[in-house]
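Given next are the chains, with one letter for each unit.
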Amino acid sequence: MSKLPKTRFHLVFSLMMGAMMISLMTFVITAVNVGFGADFLGRWLKAFAIAYVVGVPVIYFLAPVARRLTGRLVEMP
């Protein structure tokens with residue numbers, strides 16, 4: 001399997017980080033708010049879909065800002 005070019009790294013990172021973080025956070029918040037009833041899965045998937053559409057662009061545009069700010073506070077490896 002061939003890899004995507006390195007110019008796609010940030011986009012793929014944003015998509016994957018978004019999927020991982022948003023799935024975990026929407027799962028927890030949905031469970032806290034509505035519990036594990038019969039409608040849990042539908043509510044969670046709806047929350048995930050909305051959050052993913054909002055969250056991935058936020059990650060894409062703010063990750064470089066977060067890296068720069070972190071670089072001001074921590075020595076880079």
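- Per an unreviewed UniProt entry, the protein is named DUF2798 domain-containing protein, and its organism is Paramagnetospirillum kuznetsovii.

### Focus: the environment of G18
Stage number 1. Along the chain, the position of G18 falls in helix 1 (residues 9–34).
Stage number 2. For G18, a relative accessible area of 0% puts it in the buried group.
Stage number 3. For the pair G18 and V53, spaced 35 residues apart in sequence, the C-alpha separation works out to 9.3 Å.
Stage number 4. The residues contacting G18, other than those within four sequence positions of it, are S23, Y52, V56 and I59.

### Quick word on helix 2 (residues 40–73)
Stage number 1. Under the 1.5 Å per step criterion, the end-to-end length of helix 2 is only 41 Å for 34 residues, more than 12% shorter than the ideal 50 Å.
Stage number 2. Maximal helix bending in helix 2 amounts to about 40°, located at L62; proline P64 follows within four positions.
Stage number 3. For helix 2, the full list of buried residues reads F40, W44, G55, V56, I59 and A63.
Stage number 4. Looking at the buried positions of helix 2, the neighbouring elements they touch are helix 1.

### As for a nonpolar patch on the surface
Stage number 1. Residues L11, L15, I50, V53, V54, V58, Y60, F61, L62, V65 and L69 make up a contiguous nonpolar surface patch of roughly 1000 Å² in combined accessible area.
Stage number 2. Taken together, the elements giving at least two residues each to the nonpolar patch come down to helix 1 and helix 2.
Stage number 3. Counting residues per element, the nonpolar patch draws most heavily on helix 2, at 9 residues.
Stage number 4. In this structure, L69 sits in helix 2.

Criteria and thresholds
Residues numbered from 1 in each chain as written. Predicted model: local features only at pLDDT ≥ 70, side-chain atom pairs only at ≥ 80, totals over all residues. Heavy atoms only, no water. Helix = DSSP H or I, 4+ residues; strand = E, 2+ residues; numbered from the N terminus. Buried < 20%, exposed > 50% of the residue type's maximum accessible area, 1.4 Å probe, protein only. Contact = heavy atoms within 4.5 Å. Expected span 1.5 Å × (residues − 1). Bend = angle between axes of the 7 residues up to and from the residue. Patch = residues over 30% accessible without salt bridge, like charges linked within 9 Å, V, L, I, M, F, W, Y side chains within 5 Å. Areas by Shrake-Rupley, 256 points an atom, 1.4 Å probe, with all protein chains shown as cover. Salt bridge = Lys/Arg side-chain N within 4 Å of Asp/Glu carboxyl O.

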